[in-house]
Structure formats: C-alpha cells, structure tokens
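Results of the structural survey
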Amino acid sequence: MKRNLAVVAAALGLLVSAGTATAAPGDSALQLAGQAAGSGQAAGAQSGASQSQPTNTNISVRVLSPGDNGDVSQSNSVDSDATAANANVTGQSADQAQSGSCGCSGGTQAVGQEADSSQAATALSHASQSGAGNTNIPVRVLSPGDNGDVSQSNSVDSDATAANANGTGQSADQAAAGGSGTQAVGQEADSEQEAAAASAAEQTGAENTNISVRVLSDGDDGDVEQSNSVGSSASAGNLNLTGQEADQARAGSGGTQAIGQEADSDQSATALSAAKQHGATNRNIPVRVSSSGDGGSVEQSNSVDSSATAANLNATKQDADQAQGGRGTCGCASDGIQAIGQDAKNEQSAGALSIALQSGASNENTPVRVDSKGDDGDVSQSNSVDSSATAANLNGLHQDAEQDQSGDCRCTSGGTQAIGQEAKNDQSAAAASMAAQSGGHDRCGCGSSGNANAPVRVDSYGDGGSVEQSNSVDSSAGAGNLNLTGQDADQAQSGSGGIQAIGQEARSEQEAHALSAALQSGASNENTPVRVDSKGDDGDVSQSNSVDSDATALNANMTKQEADQTQAGSSCGCASTGIQAIGQEAKSDQGAAALSLALQHGASNENAPVRVDSRGDGGSVDQSNSVDSSATAANLNALEQSADQTQGGGHGIAIQAIGQSAGNDQSAIGLSAALQSGASNRNAPVAVDSKGDGGDVSQSNSVESDATALNLNLTKQDAEQNQAGHGSECGCRGAIGIQAIGQQSKSEQGALAASLAAQVSGRDRCGCPSGGNTNTPVGVGSYGSGGSVDQSNKVSSSASALNLNALFQDADQGQSGGGIQAIGQSAKNRQQAIGLSAALQLAARNGRAMAI
C-alpha cells in the first residue's frame, strides 16, 4: 500500500496535460494528468516441413476388360505450422473537471497512469516424412466386375502455437465542485508474458499396399482405407486482461481523496510435444481366381498422437470509487480524507511435455479365395498411441473498494476512511506424459508386429466379416492451479466524526505435478481362419491389447474476503467518535503430486479357426489384455472471510474491531503402478468335416491400480458487530461501547496414497513365457455346437487417503447502550492419512481343451 501511495505522490509531479479540465472564474485550480504507456513485443515463428521418397503408384491391368475401375485416392502429406502472436491493446483515459463558485473553493487534481507490457512468444514446428509409399495394383484377366474405393494415406502433422494477449485498460475520472480539496489517482499496470511452444512430428518407412488380383473376374472390390498418421501439437498461451478504474467525486467543502492501484502479473507457459512413428505398414492383398463375390470394408490404421498444452490466465480487475459530499458553506471546515490502495501480484508458470512413440506397427489383411463365392468385409485393425499433457494456471483476481463520506457542515465533521487490499498468488503446474508402443519379439524370440487377419477359402462359399483388432496405449497427465481471489471492501460514513479502516491480505501458493507413462511392448492380435470347401459364416472376433495411464494433480484456492463498514453517528454539537477497523488475512499453501505408470509386456491375442469341409458358423470371440493405472492428488481450500460492522446512534466513544486470520497448509501425493507381463489369450478351434456352430468365448487378463490422496479444508469465518447506543446525547459524555472479535484458524493436512497391481505369467517347460487363458476345441467329425466360455485373470488394487477439515467460525455481537464485548476464537487442526495397497498375481492361468 505504501508503494501505491508513492505512485500517487509521483503522479503529482507529472506536468503533462491530458483529459478534460474546467474551472469557474475566480477559482484557484491546478489539474495535472500524466500518462505513459510502454509496450515491448517480440514474436518469432519457425516452421519446417520435409519429405523424402514419397511415391504413389496405381497399376490397373485388364485383359478382356469389361467392368469399371474407379475411386483410388493416394496421398503423401507433410504439414508444419508455427504461429506466434502478441497483442497489447493499451487504453488510458483521464477526465478531470473542476468547477467552484466561492472564494474558498480551491482544488488540485492529479492523474498519473503508467502501463508497461512486455510480451515474447516463440513457436517452433517440425514435420518430417521419409520413404512413404502408396501402391494400388488391381489386375483382372477376363475382367468383369467393379473396383473402387481405395484410399491410402501417409500423413505427418506438426503444429506449434504461442500467443500473448494483454488488454490493459486504465481509466480515471475526477470531478470537484466547490470547496477546497485534493484528488490524486495513480494507476500502474505491469504485465510480462512469455509463451514458447515446440512441436515435432516424424514418420519413417510408412507404407500402404493394396493388391487385388482376379482372374475370371466376377464380383466387386471396394472400401479399403489404409492410413499411417503422425500428429503433434503444442500450444502455450498467456492472457492478462488488466483493468484498473478509479472514480473520485467531491461536492462540498474540504477533502482529500487518493487512489493508488498497482497490478503485477508475470506469466510463463511452455509446451513441448513430440510424436514419432517408425516402420508402420498397412497391407491388404485379396486374391480371387474364378472370382465371384464381393470384397470390401477393410480399414487399417497406424496412428500416433501427441498434444501438450500450457495456459496461464490472469484477469486482474481493480476498481476503486470514492465519493465525498460535505454540505458546508464556504468558510466551514468540513474535513474528510479517503485513501484506497490496492496491490495485486500474480506469478504463474505452466509447463507441459508430451511424447508419443510407436515402432514397428503393422496391419495386414490377406484374404485369398479360389473358386471365390461369398463376401468378405468388416475388418478393422488399428495400432494407436496417444499422449496428452495439460498444465493450466488461472488467477481471476478481483479487488473492489468503495468509500462514501457525507457530513453536516455545521459542526466539525471529520472523517477518515482507508482501504488497503493486497493479494499475492504464486502458481506452478507441470504435466508430463509419455506413451510408447513397440513391436517387440514373440515368445519364441521372433519379431512380432500387431494385427494380422488372414482368411483363406478355396471353394469359397460363405461370408466373412466383423474382425476388429486393436493395440492401444494411452497416457494423460493434467496439472492445474486455480485461485479465484476476490476482495471486496465497502465503507460508508454519514454524520460527524469517524474513522474506518479495512485491511485485507490474501496469499496463495499452489504447486501441482502430474506425471503419466504408459508402455506396451510386443502386443499382437492375430485372427487366421482357413476354410477349404468353405460353407458357413465367420464373424464377431474382437481382440484388444490396451494400456491406460492417467495422473491428475489439482490445487484450488477460492479465496473470498469481504468487509463492510457503515457508520452513521450523532447530531451536530456532540463530540462523536466512532472507530471501526477490520483486518482479514488468509494464507494457503498447497502442493499436489500424482504419478501413474502402466506397463504391459508381450501381450498377445490369437484366434485361429480352421475348417476343411466347412459347414457351420463361427463367431463371438472377445479376447482382451488390459492394464489401467490412475493416480489423483487434489487440494482444495475454499476460504471465505466476511466481516460486517454497523455503528449507528449518538456514540460518544464507540469502537468496533474485527480481526480474522486463516492459514492452511495441504500436501497430497498419489502414486499408482499397474504391471502385466506375458499375458496371452488363445482360442484355436479346428473342425475338419465341419458341421455345427461355434461362438461365445470371452477371455480377459486385466490389471487395475488406483491411488487417490485428497485434502479438503473449507474454512469460513464470519463476524458481525452491531452497535447502536443513544446514551450520549448532544453535550453529554459517557456512553462507551467497545466490541472486539478475533478469529484464527490453522489447518495442516497431509495425505499419501500408493497403489500397486502386478500380474506376471510363468514360463513353460521350453523356457518360453506362458500366459493365461487358453480355449482349444478341436473337432474332426464335427457335429454339434460350441459356445459360452468365459475366462478371466484379474488383479485390482486401490488406495485412498483423505483429509477433511470443514471449519466454520461465527461470531455475532449486538450492543445497545454502553458496554464492552469481546469474542476470541481459535481452531487448530493437523491431519495425516496414509493408504497403501498392493495386489499381486503370479502365473495365473485358465485352460480349457475340448475334442469333438
């Protein structure tokens, strides 16, 4: 507050004219307005896109040549985009109007406004592609039938955006009519913002191949879509909407009004994202010889996504209103002094890092039919890695102060009102996320890749369809800080004599860390149906290997401090002294850290039905290996302090004082790890003469781990004092009423939760890793149905640690007459909770073997 008043004093020395100034004849008036605005902005953006050896090839050969071809779209695409932007919309406005009609009506008005903004934004983007190729070779010989709907794409995307915006608006209005007085407004706004975003996307050896060969050439082909895609995006943004407004109006005799507002905001956001893909391949090779029947609906995709976002927002608004109306005639001493000082400081830093890696991912669909009746379709194979990291800071500070002073000029009507509000917030959030998938080696030491569907039919009756195979790794980390500080102070004084003083201070320091990692190695899905004479349907096979990891750390401190003072005192001629003082102080220190790790190694799903004479259905096999890990740490301190003081009557000394102080320290840590190694699902029905149905096999290996640590302190302190005593009339002495309330609350909380879930398979007698869930029906004469096998290995672990301190302190004092009242409340709370959970399973196995 001293610094704010120093700004006001410095504003008096500025001899620069701005705004509007009027003075009545005979009046002595000095009006000074000085405005200085400095803005330094630097934005740099760099983008690079590189492509090497991309090729598109479409070879269509027909010999006796009836029939259509069409709808082949092949694309190799590299995109890189970098954007850096600075925006500073500074607006400073000062209005001064002074009009007086009497000889004692001198006035001085001075406005000093200064706005500094320094912004720097840097964005760097890199996209690279190497050896990407698309190939489509349909060949027909006697050549009836359609081709169409092949879309093959290799795509690399990189995007980096860094943005700064500071919309500083400072406005000051001063109006004085009559009387002697001094009005001074000093406003200073400093904002320094820095945002840096870097994004890199890289693809190597991506390849799409579609080879369709028909000889005697009946039937349709179509609906093949193959895609290799790498995307990376990084965004960092700062926004500071500083608005400072000051209004001073004085009508009457005598008064000094001074407003000093200062707002400092320092924001820095850094986001880094990297996505990489190596050796991704999509291949679809249908071959038909005598060539009846349709083909279609194959979708194969390898995709890596990485996104990192860091954002800072500080919407500072400081508003101060002072009105002074003393109805004395000239020559009457009617003193009133009003002073408002508001200081807001916010420092925010958010950093987000995201990495997604995929290596050796492959999709392959190879149907072969010879005499070629029947349909194929509905195969969707996907390898996908996602990584996202988000760190966000938000401090929406709002400070508002209003002072109103109106006195009767027949007596000595002195009044002093002073409001000082200061809010400090320091926030830091860091989030890091990594997702990695690698096509390692199978259990025999051979290199394994993901997703293979290879149906082969010879005499070729019957449908095929509905195979969905997926390898997916997800990782997400989010860290967020939120501090919505709102300080409001209202003082109104009507009558003779009185001093009101409000001091509010709020401090919040928040820190949140979230780290998430999801890893998968050697995951493979394989569906290999073979039929020879080929009656009957296949379908409904869904195989999935999935690893999820999530870590969230959150801090929230919603400080609200509000103080109201109203003083309406005695009639003139009485020595009337009334003093009201409110002091509120709130401190909150919060730290939350969440770490999550999910790891899967050598997960494999295999469904291999083989039928020879081939009647009968197949379907409904669901196999899944899944690892989940989640860790959440959260702190919440929603402090609210409110103080109301009302003093009315003919008070010959009346003093009211309220002091509230609340301090909260919270720390929560959540750790979660889920591990699975060598998990395997296998369903291998074989039928030879092949009557009968099969279906309804569901096999699952699942590991879950969850850890949550939570602190919650909802402090609310409320104090009200009301004093109306008429024991002192004009000319009398005596009536003394004193009321004092003191409330203090301290809370210290610590919670730690750790969870571990692990599943490990053994090794078979050959030394190869063996996993769980095997269903192997084999039928030779092959009548009869099969179905409804459900096998599951599941490990779960959960740990929760929770602290809750919901303190509420309330004090009410009402006094009519003379008396002394004092309330003192103090509350201390210390809490600590630790939760540990571990679930382990070793060499769990389900087996079912059936011979028909």
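Residues numbered from 1 in each chain as written. Predicted model: local features only at pLDDT ≥ 70, side-chain atom pairs only at ≥ 80, totals over all residues. Heavy atoms only, no water.

Description of the overall build of the protein
For the protein, the helix and strand inventory stands at 1 helix and 49 strands. In the protein, which comprises 852 residues, the proportion classed as buried is 49%. In the protein, once contacts between residues fewer than 6 apart in sequence are set aside, the share between residues at least 24 apart is 90%. Carbon and sulfur atoms form 53% of the exposed surface of the protein, whose accessible area is close to 31600 Å². (Helix = DSSP H or I, 4+ residues; strand = E, 2+ residues; numbered from the N terminus. Buried < 20%, exposed > 50% of the residue type's maximum accessible area, 1.4 Å probe, protein only. Contact = heavy atoms within 4.5 Å. Areas by Shrake-Rupley, 256 points an atom, 1.4 Å probe, with all protein chains shown as cover.)

Here's the deal with the sheet that holds strand 27 (residues 467-483)
Reading across from one edge, 4-8-12-17-22-27-32-37-42-46 is the order of the 10 strands in this open sheet, with parallel pairing throughout. Edge positions in the sheet fall to strand 4 (72-88) and strand 46 (789-805), since each of these pairs with one other strand and no more. Neighbour to neighbour, the strand axes of the sheet diverge by 0 degrees on average, direction disregarded. Here 17 bridges tie strand 22 (residues 379-395) to strand 27, and the two strands are oriented parallel to one another. Looking at strand 27, one finds that Asn395 is bridged to Asn483. (Pairing = 2+ DSSP bridges. Axes fitted to C-alpha atoms, helices over the stretch in contact; angles between N-to-C directions.)

Digging into the pairing of strand 34 (residues 578-601)
Two faces, one strand: in a regular strand the side chains alternate between the faces of the sheet. Note that strand 29 (residues 498-521) and strand 34 share 23 bridges and pair parallel. Residue pairing in the sheet places Ser516 in a bridge with Ser596 of strand 34. Pairing of strand 34 with strand 39 (residues 653-677), which is carried by 24 bridges, proceeds in the parallel orientation. Note on strand 39: the bridge partner recorded for Glu585 is Ser661.

So, unusual backbone geometry
One non-glycine residue with positive phi stands out, namely Asp223, at about 60 degrees. By the secondary structure assignment, Asp223 is in the loop between strand 11 (207-214) and strand 12 (224-240).

What about the pattern of salt bridges?
For the structure on display, the rule yields 10 salt bridges. As a salt-bridge pair, Arg288 and Asp221 come within 2.8 Å of each other at their nearest N and O atoms. On the criterion of sequence distance, the pair formed by Arg288 in strand 16 (residues 287-288) and Asp221 in the loop between strand 11 and strand 12 is long-range, its members being 67 residues apart. Here Arg288 matches Asp221 in class, with each residue buried. Its salt-bridge partner being Glu505, residue Arg507 comes within 2.8 Å of it at the nearest N-O pair. Sharing partners across several salt bridges, the network here consists of Arg214, Asp221 and Arg288. (Salt bridge = Lys/Arg side-chain N within 4 Å of Asp/Glu carboxyl O.)

Side note on the environment of Asn453
Assignment of secondary structure puts Asn453 in strand 25 (residues 452-453). In this structure the C-alpha to C-alpha distance between Asn453 and Pro529, which are 76 residues apart in sequence, comes to 8.1 Å. Polar side-chain contacts of Asn453 include one of 2.9 Å to the side chain of Asn527. (Polar contact = N/O pair within 3.5 Å; in protein donor to acceptor, adjacent residues only side chain to side chain.)

Comments concerning the confidence of the model for the protein
Considering every residue of the protein, the mean pLDDT works out to 83; 87% of them sit at 70 or more. By mean pLDDT, the top-scoring element of the protein is strand 12 (94), and the lowest-scoring one is helix 1 (residues 2-11) (39). Taken as a whole, residues 328-333 scores under 50 in pLDDT and shows 11 contacts with residues more than four places along the chain or in a different chain. Across residues 727-734, confidence stays below pLDDT 50; counting only partners more than four residues off in sequence or on other chains, it has 11 contacts. (pLDDT = per-residue confidence, 0-100.)

Structural notes on the environment of Ile658
With respect to the helices and strands, the residue Ile658 is situated in strand 39. You can call Ile658 buried: its relative accessible area is 4%. On a C-alpha basis, the gap between Ile658 and Gly824 in space is 10.0 Å, while along the polypeptide they are 166 residues apart. If near-sequence neighbours (up to four positions away) are discounted, Ile658 is found in contact with Ala581, Ile582, Gly583, Ala643, Asp644, Gln645, Ala719, Gln721 and Ile741.

Description of the side chain of Gln109
With respect to the helices and strands, the residue Gln109 is situated in strand 6 (residues 107-130). Excluding its chain neighbours within four sequence positions, the residues that come into contact with Gln109 are Leu30, Gln31, Leu32, Gln96, Ala97, Gln98, Gln174, Ala175, Ala176 and Gln183.

A word on the side chain of Asn635
Within the fold, Asn635 resides in strand 37 (residues 621-637). You can call Asn635 buried: its relative accessible area is 1%.

Quick notes on a nonpolar patch on the surface
Taken together, Val289, Val370, Val458, Val532, Val612, Val686, Val688, Val778 and Val780 make up a surface patch of nonpolar side chains, about 520 Å² in accessible area. Checked against the element boundaries, Val532 lands in the loop between strand 31 (530-531) and strand 32 (541-557). A relative accessible area of 30% places Val532 in the partly exposed class. (Patch = residues over 30% accessible without salt bridge, like charges linked within 9 Å, V, L, I, M, F, W, Y side chains within 5 Å.)

Structural notes on the environment of Thr204
With respect to the helices, strands and loops of the structure, Thr204 is situated in strand 10 (residues 181-204). Given a relative accessible area of 27%, Thr204 falls into the partly exposed group. With 75 residues separating them along the chain, Thr204 and Gly279 place their C-alpha atoms 6.0 Å apart. What Thr204 contacts, discounting residues up to four positions off in sequence, is Ser130, Gln277, His278, Gly279 and Ala280.

Notes on a negative patch on the surface
A surface patch of like charges, here negative, comprises Glu192, Glu194, Asp266, Glu347, Asp426, Glu509, Glu511, Asp589 and Asp665. Looking at the secondary structure, you find Asp589 in strand 34. According to the relative accessible area criterion, Asp589 is partly exposed, its value standing at 35%. (Lys, Arg positive; Asp, Glu negative; His and termini not counted. Charge placed at Lys NZ, Arg CZ, Asp CG, Glu CD.)

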